[in-house]
Amino acid sequence: VWVAGSQTWLKDSAALVNYAGDQTGVTVGADHKFWPNLVLGVAVTHENLDISTYFNGGRLESNGTTVAPYVVWTIGGPFSLDATAGYTRSDIDQTYAPALVVGGVHASTHSHRGMFAGNLNYTSFVDDWILGGKVGTLLVAERVGSFTDSAGFSYEHQTNTLGQLQVGPNVSRIASWGSYGVSAAYLYDYNHLETVSPPGGARPSIDRDGVQLTGNLNATVSKGVALNLTLSREFLRDNVHNTNVAAMLAISF
């Protein structure tokens, strides 16, 4: 069993759609090794998104719950596959256009999101070093429900999709207490669709690729108890500045 927490700081400085805020997530999960080379598990996440939408003088907050089964399969030799699929339902509240109405215009809706992520991994051991890499994909499809705001304006449902290629190396050093290392991933959005812009905004041009750098630390706290810490940041995407920190505590029986 394991429990994890994450905090992501989000920022887009593009004109007409600029925003900044954070996303917090708490996850609990459990898995079991059913065969020597196969692990099956399930995770449940509660997430909160709180964004200041500067382009329309507003704020957006959403709260959602995700259920995601996952699998890890050791194919043989240095190769393994991992995959997860999940469903998220979120409630969304937003305020905007304070110049139109004192206190701003209010609106509420909900969203349904499905996702799939899968990776082919390579891992090898050389003395005290762990060398590896991965190639994978992330698929996301979200439908945001239609709504009528407090000023009487109606907006049709919004559909957002993302298909992303992720490929890159990783290296770690084994220590007496665990390991520490870094990884890099090239990210390419081969499918990125936003069908409706937020109220007051304009659909921006999309920079489809970037690089994510991650540092990680794995420590054995005691027998059967392990701690994992990660820090990651995305680079080379126009106007986008995203940083994430996460911690996970796992207990093996």
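Higher on the page you've got the structure.
Each value, and the rule that gives it
- Residues numbered from 1 in each chain as written.
- Predicted model: local features only at pLDDT ≥ 70, side-chain atom pairs only at ≥ 80, totals over all residues.
- Heavy atoms only, no water.
- Helix = DSSP H or I, 4+ residues; strand = E, 2+ residues; numbered from the N terminus.
- Buried < 20%, exposed > 50% of the residue type's maximum accessible area, 1.4 Å probe, protein only.
- Contact = heavy atoms within 4.5 Å.
- Lys, Arg positive; Asp, Glu negative; His and termini not counted.
- Charge placed at Lys NZ, Arg CZ, Asp CG, Glu CD.
- Pairing = 2+ DSSP bridges.
- Polar contact = N/O pair within 3.5 Å; in protein donor to acceptor, adjacent residues only side chain to side chain.
- 1 Å grid on protein atoms, 1.4 Å probe; cavity = no way out; pocket = protein on both sides within 12 Å on 5 of 7 lines; lining within 4 Å.
- Points joined across faces, edges and corners; volume = space filled by probe spheres on them.
- Nonpolar A, V, L, I, M, F, W, Y, C, P; charged D, E, K, R; others polar.
- Salt bridge = Lys/Arg side-chain N within 4 Å of Asp/Glu carboxyl O.
- Phe/Tyr/Trp six-rings, centres within 6.5 Å; stacked < 30°, edge-to-face > 60°.
- Lys NZ or Arg CZ within 6 Å of the ring centre and 35° of its normal.

Peer 1: Explain the overall build of the chain to me, and be specific about the residues and the numbers.
Peer 2: Check the secondary structure of the chain and you find 0 helices and 14 strands. Ordering the α and β elements of the chain from the N terminus gives β-β-β-β-β-β-β-β-β-β-β-β-β-β. Overall, the chain is about 65 × 35 × 30 Å in size when its C-alpha atoms are taken along their principal axes. The burial tally for the chain puts 34% of its 253 residues in the buried class. Sequence separation of 24 or more characterises 54% of the internal contacts of the chain that already satisfy a separation of 6 or more. Taking the average location of the 13 positive side-chain charges in the chain and that of its 20 negative ones, the two points are 4 Å from each other.

Peer 1: Would you mind going over the pairing of strand β14 (residues 243-251) in detail, with residue names and values included?
Peer 2: In terms of strand pairing, strand β1 (residues 2-12) meets β14 through 8 bridges, oriented antiparallel. Bridge pairing in β14 places Gly 5 opposite Ala 247. Bridge count between strand β13 (residues 225-235) and β14: 9 bridges; the pairing is antiparallel. Paired with Arg 233 across the bridge in β14 is Thr 243.

Peer 1: So, the side chain of Thr 88: which residues are in play, and what are the values?
Peer 2: Position of Thr 88 relative to the elements: it lies in strand β5 (residues 79-96). There is a polar contact of 2.5 Å between the side chain of Thr 88 and the side chain of Thr 66.

Peer 1: Which residues make up the side chain of Gln 7, and what values go with them?
Peer 2: Mapped onto the elements, Gln 7 comes out in strand β1. Reaching out from Gln 7, the side chain makes a polar contact with the side chain of Thr 24 at a distance of 2.7 Å. If near-sequence neighbours (up to four positions away) are discounted, Gln 7 is found in contact with Asp 22, Gln 23, Thr 24, Thr 243, Asn 244 and Val 245.

Peer 1: Any chance you could break down the environment of Val 28 for me, citing the residues and the numbers?
Peer 2: For Val 28, the position within the fold is in strand β2 (residues 19-35). Among the residues examined, Val 28 registers a relative accessible area of 46% and is labelled partly exposed. With 94 residues separating them along the chain, Val 28 and Tyr 122 place their C-alpha atoms 27 Å apart. Excluding residues within four positions of it along the chain, Val 28 makes contact with Trp 2, Val 3, Val 42, Ala 43 and Val 44.

Peer 1: Could you give an account of the layout of surface pockets, naming the residues involved and the relevant values?
Peer 2: When its volume is computed, the second largest pocket comes out at roughly 170 Å³. Broken down by secondary-structure element, the contributors of at least two residues to the lining of the second largest pocket are β2 and β14. Per element, the largest residue contribution to the lining of the second largest pocket is 4 residues, and it comes from β2. By residue class, the composition of the lining of the second largest pocket is 6 nonpolar, 2 polar and 2 charged.

Peer 1: So what's going on with the pattern of salt bridges? Which residues, and what values?
Peer 2: Tallied over the full model, the rule gives 6 salt bridges. As a salt-bridge pair, Arg 113 and Glu 142 come within 3.9 Å of each other at their nearest N and O atoms. A residue pair is termed long-range when its members are at least 10 positions apart, and Arg 113 in strand β6 (residues 105-126) and Glu 142 in strand β7 (residues 129-144) qualify at 29 residues. Accessibility assignment for this pair places Arg 113 and Glu 142 in one class, buried.

Peer 1: An account of the packing of aromatic side chains is needed here, citing residue identities and associated values.
Peer 2: Summed over all chains, the structure comprises 5 aromatic pairs. Seen from the ring of Phe 235, Arg 233 lies directly overhead, with NZ or CZ sitting 5.7 Å from the centre.

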